[in-house]
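Results of the structural survey
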Amino acid sequence: MDEPNYEKRLQEVWQIPRGFASITAVNHRVIGLRYIVTAFIFFILAGVLALMMVLQLSSDNNNLMTHETYNQFFTMHGTTMMFLFAVPVVEGIAIYLVP
């Protein structure tokens, strides 16, 4: 009588799918890395906002953007850094480390 190979079956179940089906991965390390990568994309976007603000403040009477636009950039930079970078990257690290 053949004994079922439970370890092999478990490996097959938890294997990361290939191709488009990889979006359905349930491995905590894959999900954590996705959080971290997405957070760093938002980090780059927030960095572009910061760069624009620095360029605006680089010289007197700079007309790169209006006062209202500067305030909007400032608000979006802070919101993006806190809620779309800092919190998700910490959660991503926690998900990656703790199964």
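Located above this text is the structure these notes cover.
This text gives an overview of the structure that appears in the document. (Residues numbered from 1 in each chain as written. Predicted model: local features only at pLDDT ≥ 70, side-chain atom pairs only at ≥ 80, totals over all residues. Heavy atoms only, no water.)

**Brief notes about the overall build of the protein chain**
Here is the rule we go by: What counts as a helix is a DSSP run of H or I of at least four residues, what counts as a strand is a run of E of at least two, and both are numbered from the N terminus. Burial classification: accessible surface area is computed with a 1.4 Å probe over protein chains only, and a residue below 20% of its type maximum counts as buried, one above 50% as exposed, and the rest as partly exposed. Contacts were defined at the residue level, with two residues in contact if any of their heavy atoms lie within 4.5 Å. Only the protein chains shown count as cover for residues, and all accessible areas are computed by the Shrake-Rupley method using a 1.4 Å probe. Positive charge is attributed to Lys and Arg, negative charge to Asp and Glu, and no charge count is given to His or to the chain ends. Where a charge lies is defined by one atom per residue type, namely NZ (Lys), CZ (Arg), CG (Asp) and CD (Glu).
Looking only at helices and strands, the protein chain has three helices and zero strands in total. Ordered by position from the N terminus, the helices and strands of the protein chain form the series α-α-α. With the principal axes as the frame, the protein chain shows a C-alpha extent of 85 × 25 × 15 Å. Considering the protein chain as a whole, with its 99 residues, one finds that 16% of them fall into the buried category. For the protein chain, the share of sequence-separated contacts (at least 6 apart) that also reach a separation of at least 24 residues comes to 57%. For the protein chain, the exposed area adds up to about 8,000 Å²; of that, 67% sits on carbon and sulfur atoms. One finds the centroid of the 5 positive side-chain charges in the protein chain at a distance of 10 Å from the centroid of its 7 negative side-chain charges.

**What about helix α2 (residues 28-57)?**
Rules: A helix is expected to span 1.5 Å multiplied by its residue count minus one. Pairing of N or O atoms within 3.5 Å defines a polar contact, subject to two protein rules: one partner must be a possible hydrogen donor and the other a possible acceptor, and residues neighboring in sequence count only if both atoms are side-chain atoms.
For α2, spanning 30 residues, the distance from its first C-alpha to its last is 43 Å, which sits close to the expected 44 Å at 1.5 Å a residue. Listed in full, the buried residues belonging to α2 are V30, G32, I36, A39, A46, L49, M53 and Q56. For α2, the elements touching its buried residues are α3 (67-97). Among the residues of α2, the N-terminal cap falls to N27, whose side-chain oxygen and the backbone nitrogen of R29 are separated by 3.1 Å.

**Regarding the packing of aromatic side chains**
Put simply, the test is: Pairing of aromatic side chains requires ring centres within 6.5 Å, counting the rings of Phe and Tyr and the six-membered ring of Trp. Pairs whose planes differ by under 30 degrees are stacked, by over 60 edge-to-face, and all others tilted.
Summed over the entire model, instances satisfying the criterion amount to three aromatic pairs. Their ring planes at 35° and their centres at 4.7 Å tell us that F43 and F85 sit as a pair that is tilted. In this pair, F43 sits in helix α2 while F85 sits in helix α3, placing the two residues 42 residues apart along the sequence. On the accessibility criterion, F43 (36% relative accessible area) is partly exposed. Through a chain of ring-to-ring contacts, the aromatic side chains of F40, F43 and F85 assemble into a single cluster.

**Details of α3**
Inclusion rule: Here the bend at each residue means the angle between axes fitted to two seven-residue stretches, the one ending at that residue and the one beginning there.
Compared with the 45 Å implied by 1.5 Å per residue over 31 residues, the 44 Å span of α3 between its first and last C-alpha is a close match. The principal kink in α3, of about 30°, is found at M81. Along α3, the residues that are buried comprise Y70, T80, F85, P88, V89 and G92. Close packing links the buried residues of α3 with α2.

**Comments concerning the environment of F74**
Relative to the assigned elements, F74 resides in helix α3. For the pair F74 and S58, spaced 16 residues apart in the sequence, the C-alpha separation amounts to 15 Å.

**Details of the side chain of T80**
One can find T80 in helix α3. A polar atom in the side chain of T80 sits 2.6 Å from the backbone oxygen of M76. For T80, the residues in contact, after removing those within four places along its chain, are F42, A46, L49 and F85.

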